[in-house]
Structure formats: structure tokens, C-alpha cells
Amino acid sequence: MSNLPFEDDGQTICYCMGVSAFEIKKAIYEKHLKTVPEVVEETRAGGGCMSCHSQIEQLIDEVWSIINKE
Ligand code: FES
């Protein structure tokens, strides 16, 4: 089990690479990723057609709002 401040909701964000919202949020949270290219490098999410990039940006905002409150 993890101590992450969010759950795995089972949602897939990047269909090209088969990466879930949870995997992306975990990487952002644990590695303090701030940009889409950093997420691509770390998780491979966003490394295909790029149509998920705006959702990845939303996840970055979401996780940083959690980090900033800690
Ligand atoms: S759905 Fe993420 S790169 Fe295509």
C-alpha cells in the first residue's frame, strides 16, 4: 500500500502508452515533475499522439495543489 494522498481511480489517461492517471500522478508527486516533457520522460505517457497532453497538464496542476498544501 502507498501513502499517496490520492487513490487509483482506474482511469487511463494516455491510450498510446497505456498509462493511468494514478501512475502519472504518482510520478508527479514522488519526483516533483512540473512539465509535460518531464512526465513523458518519466512515465512515457504523452509520448505518442500527444492528445493527452492537456489532461497531463491538469494532473500536474492537481498534484501540485496537493503538494503545496502539505
Ligand atoms: S494518448 Fe497519450 S500520447 Fe496518445
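Up top you'll find the structure we're talking about.
Once a new chain begins, its residue numbering starts again from 1 and follows that chain's sequence as written. Local features in a predicted model are, by the rule used here, given only for residues with pLDDT of at least 70; side-chain atom pairs are given and counted only at 80 or more, and totals for whole chains, interfaces and linings are based on all residues.

Undergrad: Provide a residue-level description of the packing of helix α1 (residues 21–31) against helix α3 (residues 53–69), including the pertinent values.
TA: For helices, the fitted line uses only the C-alpha atoms of the stretch in contact; every axis is such a line through C-alpha atoms, and the angle between N-to-C directions lies from 0 to 180 degrees. By the criteria applied, helices consist of DSSP H or I runs no shorter than four residues and strands consist of E runs no shorter than two, each listed in order from the N terminus. The geometry of α1 relative to α3 is characterised by a closest axis approach of 9 Å and an angle of 50° between their N-to-C directions. By the angle between their axes, α1 is oblique relative to α3. Two packed elements cross with a definite hand, and for α1 against α3 that hand is right-handed. Counted together, A21, I24, K25, I28 and Y29 of α1 and I56, L59, I60, V63 and I67 of α3 form the full contact between these two elements. Across the contact of α1 with α3, the residue classes tally to nine nonpolar, no polar and one charged. An angle below 35 degrees is read as roughly parallel, one above 145 as roughly antiparallel, one from 65 to 115 as roughly perpendicular, and any other as oblique. The handedness criterion is simple: a crossing whose near helix is rotated anticlockwise from the far helix by less than a right angle is left-handed, and one whose near helix is rotated clockwise is right-handed. Residues are treated as contacting if the C-beta atoms built from their backbones sit within 7 Å of each other. Under the scheme applied here, ten amino acids are nonpolar (Ala, Val, Leu, Ile, Met, Phe, Trp, Tyr, Cys and Pro), four are charged (Asp, Glu, Lys and Arg), and all others, including Gly, are polar.

Undergrad: Run through the packing of α1 against helix α2 (residues 36–43), naming residues and quoting values.
TA: Where α1 meets α2, the closest approach of the two axes is 10 Å, and the angle between their N-to-C directions is 110°. The angle between α1 and α2 places the two elements in the roughly perpendicular class. Taken together, the residues of α2 that come into contact with α1 (itself represented by E23, I24, A27, I28 and K31) are V39, E42 and T43. Among the residues making up the contact of α1 with α2, the classes are represented as four nonpolar, one polar and three charged.

Undergrad: How would you sum up the environment of V36? Please name residues and give values.
TA: Mapped onto the elements of the fold, V36 is located in helix α2. Note: C-alpha distance between V36 and I60 (24 residues apart in sequence) is 8.1 Å. For V36, the residues in contact, after removing those within four places along its chain, are G46, H53, I56 and E57.

Undergrad: Describe in detail unusual backbone geometry, supporting the description with residues and values.
TA: Backbone geometry follows two general trends: most residues other than glycine have a negative phi, and most peptide bonds adopt the trans configuration. A positive phi is found at R44, a non-glycine position, where the angle reads about 75°. Along the chain, R44 turns up in the loop between α2 and α3. For M50, which is not glycine, the phi torsion reads 75° and is therefore positive. Within the secondary structure, M50 sits in the loop between α2 and α3. What makes M50 partly exposed here is the crowd of 13 C-beta atoms within 10 Å. Counting other C-beta atoms within 10 Å of its own, a residue is labelled buried from 20 upward, exposed at 12 or fewer, and partly exposed in the gap between, with every C-beta atom placed from the backbone.

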